[in-house]
Amino acid sequence: MSLIEMMVTIAIMMLLALAVAPFSASWGAQAYMRQSQTLLMQGMSQLKALALRNPSASSAGASAVMISIPGKLCVASGVPTALNCTAAAWTSNPPASIQVNGADSQCVALDSAGMPIAATVAGTVCGTALSFRVSRGSETPLDGTLN
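Scoring rules and cut-offs
- Residues numbered from 1 in each chain as written.
- Predicted model: local features only at pLDDT ≥ 70, side-chain atom pairs only at ≥ 80, totals over all residues.
- Heavy atoms only, no water.
- Helix = DSSP H or I, 4+ residues; strand = E, 2+ residues; numbered from the N terminus.
- Buried < 20%, exposed > 50% of the residue type's maximum accessible area, 1.4 Å probe, protein only.
- Contact = heavy atoms within 4.5 Å.
- Polar contact = N/O pair within 3.5 Å; in protein donor to acceptor, adjacent residues only side chain to side chain.
- Pairing = 2+ DSSP bridges.
- Axes fitted to C-alpha atoms, helices over the stretch in contact; angles between N-to-C directions.

S.K.: Mind showing me how you'd approach the environment of Asp-104 here?
M.R.: When you line up the elements, Asp-104 lands in the loop between strand S4 (97–100) and strand S5 (106–110). Asp-104 sits in the partly exposed class, given a relative accessible area of 43%. Sequence-distant contacts of Asp-104, defined by excluding residues within four places in its chain, comprise Ser-68, Ile-69, Pro-70, Ile-98 and Gln-99. Of the polar contacts made by the side chain of Asp-104, one reaches the side chain of Gln-99; its length is 3.1 Å.

The structure is reproduced here in structure tokens:
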């Protein structure tokens, strides 16, 4: 094998690597979005389990609340006093941005039967529509409904 053949082979490999680089960034963003969607579904499962257990012994109103704020997702027993994750029973840091009911900072409240209920956390009215959007970068967002 001559030096010229080796240089041509290296040049072809570099061109192939440059052609694949944008796809790998897109694959990474899509993986982060799917991971965030999975964390959101896991959070909803934790919310339902906590609401049905009803550790705060709430007979009327919300027995558990899931809070979605930028960079954080958490589930708390009862209705917290602030829209943060300080007293949360479950927390997660999703790698993509999540919007619940069209807002970056939102909450979802369930009663002791596991049904969505209107509640207010620090002036934010918790949504009952349960729609979500997960996005990252220029990728097509993932839309869905929490169940």
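From this point, the discussion proceeds with the structure in view.
S.K.: What exactly am I supposed to notice about unusual backbone geometry here?
M.R.: The phi dihedral of Asn-101 falls on the positive side, at around 55°, and the residue is not glycine. Despite not being glycine, Ala-122 shows a phi value in the positive range, around 50°. Mapped onto the fold, Ala-122 is located in the loop between strand S6 (120–121) and strand S7 (124–125).

S.K.: Looking at this structure, how should I read the sheet that holds strand S8 (residues 131–135)?
M.R.: Across a sheet, strands are paired by hydrogen bonds formed along the backbone, either parallel or antiparallel in direction. Sheet architecture is open: three strands sit in the order S4-S8-S9, paired in antiparallel fashion. Taken across any chain shown, the strands that pair with only one partner, and hence form the sheet edges, are S4 and strand S9 (142–145). For this sheet, the mean angle separating the axes of adjacent strands, direction not counted, is 20°. In terms of strand pairing, S4 meets S8 through four bridges, oriented antiparallel. By the bridge assignment, Ile-98 is partnered in S8 with Val-134.

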